[in-house]
Amino acid sequence: MGSTATNVTLRWVGGSLLFVPMALFAFPGFGKWMETTYYARDNLELTRFRRQWVPFLISIILVLPNILLLKAEEEDISTLVWNVLIIYVYIALPMAVCMMRPPGKLPLDTGDLCLVLLLAVPVLSNFYTDLLPDVKLQIKESWPKISMLMLTAVNSGLFVFNGLRPLRDFGFSLLFSCKDMLRVISGLVLAAMLLLPIGYLTENFGKGTDNPKIEWAIAQFLTVYLLVSLPQEILFRGVIQNLLHSRLESSAEISKYTQDQREALCLGDYPRYAAIDDNEMHEDSDDSGNGTDEDILDPEATIIYTGFQAPNAKEYQEIHQDFYSRGICCWLSFPTFMDYMALLITSLVYAIAVMDHRQWSHQKDGEVFLFALLLGVVCGYVWRQTSKVTASALVHSIIYYVGVHIFNAKLSAAL
């Protein structure tokens, strides 16, 4: 009896600790503090360097809740040690890839693809659960389960893309402005216009479930937000769409530069998006010791000095604020063709990834795939408009909760 009580305590203590990194990154200054801790500057030598012990310490911290959960599930010491080792390697790999990635490279390079695939493993392992050891905690029947592997991947992604290699438009913040809320509402209206007619025409909606008490409904919605919507939005919008958008914009500007010569690349207008960071841009230049402050201030010298890695430090909304101020039509649309292309590609990847590949032979799979594709479009639209994964996750959770628990949509072929 004592052993059972101890295992239950270990499960819920470990499960609670999995949410601590998410809570820390919700504070606006924590990500910046992590970034400045990792990137240091030697004032004597006037060089930048990376503190390589930081990723090592992060990996040790992230594996601790997993040890508690695995200990509660496994009595055999050798199996426990092996499972802990596997999880630690999984946590350490994204840190190592980020550490070895050369500074100043274009976004979505080979290193970024490796990071994306590593973070996507928990999504795929929902269908192939033997890939990595996982412990799942059931809060209540029919509610989403707390997946150790999923939350560990989310925490690793937060530390990598908010600290070690920060993406400026990642947007893991609970601070919503009035404009953000209006765009969330516009996303929900768009979802209703797209999904409701298709649901009724395909007869994909069933009889609604019994209405629970308001406090249980709120608690269930929060579990959907934290355990389903937020992990998916961090991966597909905060990372994949973010990197893809940055890559398309960077490639377009470099192509323009090579065709129209140096004068075509205006540093003041160069799209300095999330995937290119100031710390990375100047890391090589500081180490070389050849540049001076006068060189950096001179636009032509900057082009020669750092190539294409000296864009102005602006975020998406700042770059396109003139476009959004033109009127309501511009305020609800995207300023560039690359925005639409990144949105459509990411939505297609999302729809394929969340489908249960074991059930693709079923007749209703086409309808479920269409629902997932349109859901990806709506969430990607909201993320691009707000530059906040928490806003797109809010839209995702509302659509998911209403569709599954109120309209009883048949989505058995998807997550």
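Residues numbered from 1 in each chain as written. Predicted model: local features only at pLDDT ≥ 70, side-chain atom pairs only at ≥ 80, totals over all residues. Heavy atoms only, no water.

**With respect to the nonpolar core**
Going by this rule: We define the nonpolar core as a collection of buried residues of types Ala, Val, Leu, Ile, Met, Phe, Trp, Tyr and Cys that are connected through side-chain atoms lying within 4.5 Å of one another. Working definition: with a 1.4 Å probe on protein chains only, accessible area under 20% of the residue-type maximum means buried, over 50% means exposed, and in between means partly exposed. Contact criterion: two residues are considered in contact whenever any of their non-hydrogen atoms come within 4.5 Å of each other.
Residues Phe 161, Phe 170 and Phe 172 are the most contacted members of the largest nonpolar core, which totals 83 residues. Sequence-distant contacts of Phe 170, defined by excluding residues within four places in its chain, comprise Leu 158, Phe 161, Asn 162, Ile 234, Gly 238, Val 239, Asn 242, Trp 383, Ser 387, Lys 388 and Val 389. By size, the runner-up hydrophobic cluster in this structure holds five residues, among which are Ala 217, Val 224, Val 228 and Tyr 400.

**Topic: the pattern of salt bridges**
Note the following rule: The working definition used for a salt bridge is a side-chain nitrogen of Lys or Arg within 4 Å of a carboxyl oxygen of Asp or Glu. Numbering of helices and strands runs from the N terminus, with a helix taken as a DSSP run of H or I at least four residues long and a strand as a DSSP run of E at least two residues long.
Applying the stated criterion to the full structure yields eight salt bridges. Between Glu 233 and Arg 237 there is a salt bridge whose closest N-O contact spans 2.7 Å. With Glu 233 and Arg 237 both in helix H9 (residues 214-260) and four residues apart, the pair spans about one turn of that helix. For Glu 233, a relative accessible area of 0% gives the class buried. Residue Arg 237 is classed as buried on the basis of its relative accessible area of 0%.

**Some details on unusual backbone geometry**
In this structure, Leu 108 is a non-glycine residue whose phi angle is positive, near 60°. With respect to the helices and strands, Leu 108 occurs in the loop between helix H5 (77-100) and helix H6 (110-125). Its identity as a non-glycine residue notwithstanding, Ser 387 has a phi of 55°, on the positive side. Tracing the backbone shows Ser 387 in the loop between helix H17 (365-386) and helix H18 (389-406). By relative accessible area, Ser 387 is classed as buried at 9%.

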